[in-house]
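Structural features, examined
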Amino acid sequence: MDMFRLPPENVVEAYQTYSIVSPSDVTVRAACEQVGCEAWRHGWESVVNEATDLGRAQAAYIRTRAGRTFREQRTAGGFTVFRFDSGQRCFAEHQTRPELYVVQDGDWRGNPTGRVRRHSRPQDWVEDFGEHQQAVKDQVEKG
């Protein structure tokens, strides 16, 4: 089925296209906050059995090298419970697809100049879009 499009009022050179795209075959490491990590949002507990070599190594890492804020307590069963506060990075390695903030000349008919700009920050893309919209509004009001 063909997409319905209104006929353009101007030549393709009169347009700019703003888009946000995520390449489907690329992932990048991401911070907990970016991916909506529940451990980051609410905090978490790690239960460690220090009677084992693995448990002793985990506890030593948490206490000396993890760089996170926690409270520690022992259970009646002999386990150590580390309670981590919210708002800090958890121990998972999160991945997400990157977003590319793109501005290119032209519209769906093509990019006659081949000019493409990629903003590195979403705020810059939004600012660029807003300035462009204001320029279009000013031009329309001028006639």
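Since this is a predicted model, take the numbers as computed values, not measurements.

**Considerations on the packing of aromatic side chains**
Enumeration over the complete set of coordinates arrives at ten aromatic pairs. Between Tyr-18 and Phe-129, the ring centres sit 5.0 Å apart and the planes meet at 80°, which makes this aromatic pair edge-to-face. Here Tyr-18 is found in strand S1 (residues 16-21), whereas its partner Phe-129 is found in helix H4 (residues 122-142), with 111 residues between them in sequence. Here Tyr-18 falls in the buried class, since its relative accessible area comes to 15%. Here Phe-129 falls in the partly exposed class, since its relative accessible area comes to 34%.

**Points about the nonpolar core**
Core analysis: the largest hydrophobic core is formed by ten residues, namely Cys-32, Cys-37, Ala-39, Trp-44, Val-48, Ala-59, Ile-62, Phe-82, Phe-84 and Cys-90. Within the residue set of this core, elements represented by two or more residues are strand S3 (44-48), helix H3 (53-64) and strand S5 (80-84). Leaving out residues up to four positions away in the same chain, Phe-84 has contacts with Gly-43, Trp-44, Ser-46, Ile-62, Arg-68, Thr-69, Phe-70 and Phe-91.

**Some words on the confidence of the model for the protein chain**
Taken over all residues, the pLDDT of the protein chain has a mean of 93, while the share at 70 or more is 99%. Strand S2 (residues 28-30) is the least confidently modelled element of the protein chain, averaging 90 in pLDDT, while S5 averages 98, the highest of any element.

**Some remarks on H4**
Counted at 1.5 Å a residue, the expected span for H4 with its 21 residues is 30 Å, and the 30 Å between its end C-alpha atoms agrees. Directly beyond the C-terminal end of H4, a positive phi value near 95° is found at Gly-143.

Definitions and cut-offs
Residues numbered from 1 in each chain as written. Predicted model: local features only at pLDDT ≥ 70, side-chain atom pairs only at ≥ 80, totals over all residues. Heavy atoms only, no water. Phe/Tyr/Trp six-rings, centres within 6.5 Å; stacked < 30°, edge-to-face > 60°. Helix = DSSP H or I, 4+ residues; strand = E, 2+ residues; numbered from the N terminus. Buried < 20%, exposed > 50% of the residue type's maximum accessible area, 1.4 Å probe, protein only. Core = buried A, V, L, I, M, F, W, Y, C linked by side-chain atoms within 4.5 Å. Contact = heavy atoms within 4.5 Å. pLDDT = per-residue confidence, 0-100. Expected span 1.5 Å × (residues − 1).

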